[in-house]
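Given next are the chains, with one letter for each unit.
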Amino acid sequence: MDVAEVAVELPVAGTYHYEVPARWSMRPLVGARVLVPFGGRGVTGIVVAYPAAAAVPAGQMRPIEDVLDDVPPVSAELLDLCLWVARYYEAPPGEVLRAALPAGTRVTAARFVALTDAGREALAGAAGGALPRRLRDVLGRVAGAGGAIAARQLGARGIRREDVDALVASGLLQRTTARSRARVRPRTERVAVAVGPVDAAVRAALARAPKRLAVLEAIVAAGGAAAVADLKHAEPRAADHVRALSRAGLVEVVHRPVRRDGWAVAADDVATSAPVEPPQLTEPQRAALDQIARAVDDGVFRSFVLHGVTGSGKTEVYLHAIARALAAGKSAIVLVPEISLTPQLAARFRARFGDRVAVLHSGLSDGERFDEWHRLRRGQAAIALGARSAVFAPVDRLGVVVVDEEHDSSFKQEEGVRYHARDVALVRAQRAGAVCILGSATPSLESYRAAATGRHALLELPSRATARPLPEVDIVDLRTYQPEGDAMLTAPLAAAIDDALAAGDQVILFLNRRGFSTFVVCGRCGHAFRCPHCSVALTHHHRSRKLLCHYCGHSEPVPDRCTPCGGAKTILRRGIGTEKVAAAVGARYPGARVARLDRDSAAGAGLHDVLRRVARREVDILVGTQMVTKGHDFPGVTLVGVLCADTGLSLPDFRASERTFQLLTQVAGRAGRGDRPGRVVIQTYRPEAVAVAAAGRHDYAWFYRAESASRAELGYPPFGHVIAVRFDGPDPGAVRAVARQFEDRIRALRAPGVTALGPVEAPLARLKGRSRWHVWLRGSDRKAVRAAARALVAPGVDRPASVRVVVDVDPVSAL
Ligand code: ADP
Ligand code: ZN
């Protein structure tokens, strides 16, 4: 008897053993989806292995009910990776596998009780008379429901389980499982293929059907095969004619897969100046590539941190490394933070590699993603380019994995399986014997330290690829220079804008707060308008006339009087967001074309529209949130202004300083990428903060040293390991009560070398209607921290089902 180890698609830990029915001639392949009984229902799962010994005694093992795939959707290599992710991130293996498969391919199953032939006969014939009346009644009811009833509905229909069991035992009913079809399937089109040429005999045969003849001629003219849908353009009734031609044996109709192409979204006409012919590499690029290429040729795992200043040509290095891998018959994965934000990057990959690139991002429809995924699975495409989930792309013979902007926090998934795509990328490359490149102008402390200690090789691109130097940065102290009005411009920044506009250049103004007024209060009673579901202030959005919560999306109309005190005309709107700045800047520079790039203006087609206008130089001043800091390459931008550098510095998060440094460096890197030199003005209340000062001097090494020292002192990553245990639920009292119980557990926890902070209420105490508490476990030994986390969440805490407890390994957000 074969025993299969199956990861079920349910949020349960571990895997389960099932028996392969003896009557099956072949056991399901490892990686194939199967239908198995679990509790009282049928669920899908993936066969992960065939262990030598079963965990369950033979008599008690339940059989696999059905195999859903002949060709496994996941390769053995990918399966292995998913199981590693499940172990490392303390996540249910079935959930990880689900994250690795394209959306919409899930198959669900329902169990039914159905009449057998014998049951049908019993009802109709005399044999039924021998049955007890109650059982006859049950058979009758099943017959009345069309011959089958869903197991879940038996109770509601007054049918008892014992009766069903008795009828199953006597062969009159059977239990069956019906599976739903996947929501997303391959799309095919009907193609008419001409069987032979249009000769005299054919013409004669079709003499009385001129339209049919015309359709046949069109097929032949199209090279002997034409999609029926295309034929309809010329002849609306083409489908009927094709059918008749097929009956006459003149054409054959076949189904051909159609690719749903998401490129239209990614590439668009945001024109890129990137040449299809690669440029001559600079010396540092060449040196970096040499090392990478050697590793690619060796076909063994090696990891690199590619630290290159903004505009140093990192992308060019990736492109070359990938070309090298492709030439050796290998494939590549390229992870980028937010591909929809940087269509230029996708366009450069497509310009270089054409159809061999498959793009996977959230802007695609499920159908498009499914098709791109299958092109990779079948080897029709060899480069997977996408956001974090592309780390699970189904490529074989992996040669190179690139993580671009590896410091970006969007690589960490914050719900469901809480994996970090950069770390998973490293593990995937290691297991596949591939090369992993972590590229950034501002490497994360984790990656840079790993390079400094020899775990990764360090490659440096210290200057820009073009002749232009990095922009000059002026730091303006907001305590000395008062910002003027709602545009938040100090005199030095205003003067710089005047100069840039006079020269016909473009300007980017960055402020990390969207909306119009970032909080709304009553000037009489002090009431602040806050989100009812989250512990944050609501932001006033002028254009949409709404108060919006930026965390959960809650919106309410702008109040005309105060809720508690009823005061009219007492409502004050305070705090400045990008919407207000854009309006004020527009008023101050009436001749300039001002556009805004933030989550509000980027909704729908807005994003592409704004990026396109900036690229075409139809925008003079672009005001935006961190969306403007991403890898845009706009050669016309010579001035970048940071309106307030320290908005994020005081967040209660040990990475606040690192994030600020990264944002400032990245946004500064948008200036002076063309032939004219760039300039950056950073306005700040804290010019002495290292994050600000180091960004001002383009001095990564300084920032790294300073930040390392304070992290090391506190034992925070990368000098210690952290696991967060998070509790949340709708009822604040219930969450607090559960957290209290964990207090006792922590006191009882004997884990030398592990420090526990909490349980405490999370800084963002309420989010999307749920109250939040957490415990941070920290220590220098990863194993000890993990053991402590496991002990902490072990069963035995009395908690209502509404309170969720999740383990977050290597947490990124401290909020
Ligand atoms: P990064 O990814 O490091 O920010 P990019 O790869 O986007 O830098 O390169 C910045 C600009 O320099 C792009 O416009 C690119 O086409 C150009 N570039 C890159 N490498 C070279 C090179 N070797 N010679 C000339 N131009 C280059
Ligand atoms: Zn909210």
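Criteria and cut-off values
- Residues numbered from 1 in each chain as written.
- Chains lettered and ligands numbered in written order.
- Predicted model: local features only at pLDDT ≥ 70, side-chain atom pairs only at ≥ 80, totals over all residues.
- Heavy atoms only, no water.
- Helix = DSSP H or I, 4+ residues; strand = E, 2+ residues; numbered from the N terminus.
- Buried < 20%, exposed > 50% of the residue type's maximum accessible area, 1.4 Å probe, protein only.
- Contact = heavy atoms within 4.5 Å.
- Pairing = 2+ DSSP bridges.
- Axes fitted to C-alpha atoms, helices over the stretch in contact; angles between N-to-C directions.
- Parallel < 35°, antiparallel > 145°, perpendicular 65-115°, else oblique.
- Left-handed = near helix turned anticlockwise from the far one by under 90°.
- Nonpolar A, V, L, I, M, F, W, Y, C, P; charged D, E, K, R; others polar.
- Near = heavy atom within 4 Å.
- Polar contact = N/O pair within 3.5 Å; in protein donor to acceptor, adjacent residues only side chain to side chain.
- Areas by Shrake-Rupley, 256 points an atom, 1.4 Å probe, with all protein chains shown as cover.
- pLDDT = per-residue confidence, 0-100.
- Salt bridge = Lys/Arg side-chain N within 4 Å of Asp/Glu carboxyl O.
- Donors = N, O, S within 2.8 Å, 3.2 Å for Na, K, Ca; no water.
- Tetrahedral: all angles 85-135°; square planar, octahedral: opposite > 155°, others 65-115°.
- Phe/Tyr/Trp six-rings, centres within 6.5 Å; stacked < 30°, edge-to-face > 60°.
- Lys NZ or Arg CZ within 6 Å of the ring centre and 35° of its normal.
- Core = buried A, V, L, I, M, F, W, Y, C linked by side-chain atoms within 4.5 Å.

Caption draft 1: Spatial organisation of the overall build of the protein chain. The helix and strand inventory of the protein chain stands at 24 helices and 33 strands. Taken along the three principal axes of its C-alpha coordinates, the protein chain extends 100 × 85 × 65 Å. Within the protein chain, the proportion of its 815 residues that are buried is 52%. Within the protein chain, residue pairs in contact and separated by at least 24 positions form 76% of the contacts whose partners lie at least 6 positions apart.

Caption draft 2: Summary view of the sheet that holds strand S13 (residues 331-335). Read from one edge of the open sheet, seven strands run S14-S15-S13-S16-S17-S12-S18, paired in parallel fashion. For this open sheet the edge positions go to strand S14 (357-360) and strand S18 (457-461), each flanked by a neighbour on one side alone. This sheet shows a mean twist of 15 degrees between the axes of neighbouring strands, independent of strand direction. By the bridge criterion, four bridges tie S14 to strand S15 (residues 383-386) in an arrangement that is parallel. Considered in S15, the bridge of Val357 is made with Ile383.

Caption draft 3: Structural context of the environment of Leu398. Note on placement: Leu398 falls in strand S16 (residues 398-404). Leu398 gets classed as buried once you look at its relative accessible area, which sits at 5%. It is 7.7 Å that separates the C-alpha atoms of Leu398 and Gly433, two residues lying 35 residues apart in sequence.

Caption draft 4: The arrangement of the packing of helix H23 (residues 732-748) against helix H24 (residues 782-793) in detail. Contact pair H23 / H24: the axes reach a minimum separation of 10 Å and the direction vectors enclose 135 degrees. In terms of axis orientation, H23 runs oblique to H24. Taken as a pair, H23 and H24 cross one another with a handedness that is right-handed. Judged by residue contacts, Phe742, Arg745 and Ile746 of H23 engage Ala791, Leu792 and Val793 from H24. Counted by class, the contact of H23 with H24 contains five nonpolar, no polar and one charged residues.

Caption draft 5: Local environment of the site of ligand 1. The immediate surroundings of ligand 1 are formed by 16 residues, with Gln280, Gln285, Lys314, Thr315 and Asp633 found nearest. In this structure, Gly313 approaches ligand 1 through a main-chain N or O atom, which is 3.0 Å from an oxygen atom. Between ligand 1 and Asp633, the relevant distance is 2.9 Å, taken from an oxygen atom to a side-chain nitrogen or oxygen of the residue. Protein coverage of the free-state accessible area of ligand 1, which is 560 Å², stands at 81%. Top contributing element to the shell around ligand 1 by residue count: helix H12 (residues 314-327), with three residues. The residue inventory of the shell around ligand 1, partitioned by class, reads four nonpolar, seven polar and five charged.

Caption draft 6: Main features of the confidence of the model for the protein chain. Across the protein chain, the average pLDDT comes to 88, with 96% of residues at 70 or higher. Mean pLDDT across the elements of the protein chain ranges from a minimum in helix H10 (residues 263-266), with 49, to a maximum in strand S17 (residues 435-440), with 98.

Caption draft 7: Representation of the pattern of salt bridges in the model. Here the structure, examined in full by the defined rule, presents 50 salt bridges. Beyond isolated ion pairs, a larger network of salt bridges with shared partners links Lys412, Glu414, Arg418, Arg726 and Asp808.

Caption draft 8: View of the coordination of the zinc ion (ligand 2). Note on the zinc ion (ligand 2): its protein donors are Cys531 (SG), Cys534 (SG), Cys549 (SG) and Cys552 (SG). The metal-donor distances range over 2.2 to 2.4 Å. The site at the zinc ion (ligand 2) holds four donor atoms, and with the angles between them running 106 to 115 degrees, its shape is tetrahedral. Summarised as a motif, the one-chain spacing of the donors to the zinc ion (ligand 2) is C-x2-C-x14-C-x2-C. Highlighted residues: Cys531 in the loop between strand S21 (519-522) and strand S22 (539-541) and Cys552 in the loop between strand S23 (546-548) and strand S24 (555-557), separated in sequence by 21 residues.

Caption draft 9: Fine view of the packing of aromatic side chains. One pass over the structure, following the stated rule, counts 14 aromatic pairs. On the numbers, 5.1 Å between centres and 90 degrees between planes, the contact of Tyr16 with Phe38 is edge-to-face. Of this pair, Tyr16 sits in strand S2 (residues 16-19) while Phe38 sits in strand S3 (residues 33-38); the two residues are 22 residues apart in sequence, bridging distant segments of the chain. The class of Tyr16 is partly exposed, set by a relative accessible area of 29%. When the centroid spacing of 4.9 Å and the interplanar angle of 15 degrees are considered together, the rings of Trp84 and Tyr88 count as stacked. With a gap of four residues between them, Trp84 and Tyr88 both fall in helix H1 (residues 76-88), about one helical turn apart. Accessibility expressed as a relative area gives 16% for Trp84, which makes it buried. Pairwise contacts between aromatic rings join Tyr448, Phe661, Tyr700, Phe703 and Tyr704 into one cluster. It is Arg27 that lies over the ring of Tyr50; its NZ or CZ is 3.8 Å from the centre. One residue, Arg778, lies across the ring of Tyr716, its end atom 5.0 Å from the ring centre.

Caption draft 10: View of the nonpolar core. In this structure, Val85, Leu335, Phe392, Tyr419, Val424, Phe727 and Leu777 are the most contacted members of the largest nonpolar core, which totals 71 residues. For this core, the element with the highest residue contribution is H1, accounting for nine residues. The residues touching Phe727, leaving out its near neighbours within four places in the chain, are Val735, Val738, Ala739, Phe742, Pro759, Ser771, Arg772, Trp773, His774, Val775, Arg804 and Val805. Counting residues in each nonpolar core, the second largest holds 39 residues, with Leu607, Met627, Ala668 and Ala691 among its members.

Caption draft 11: How the structure looks around the sheet that holds strand S33 (residues 804-809). Read from one edge of the open sheet, four strands run S31-S32-S30-S33, paired in antiparallel fashion. In this open sheet, the two edge strands, each paired with only one partner strand, are strand S31 (754-767) and S33. Each strand of the sheet is rotated relative to its neighbour by a mean of 20 degrees, with strand direction disregarded. Pairing analysis gives nine bridges linking strand S30 (residues 721-729) to strand S32 (residues 770-779), with the strands arranged antiparallel. By the bridge assignment for S32, Ile723 is matched with Leu777. Seen against the sheet, H24 touches S30, S31, S32 and S33 and runs at an angle of roughly 20 degrees to S30.

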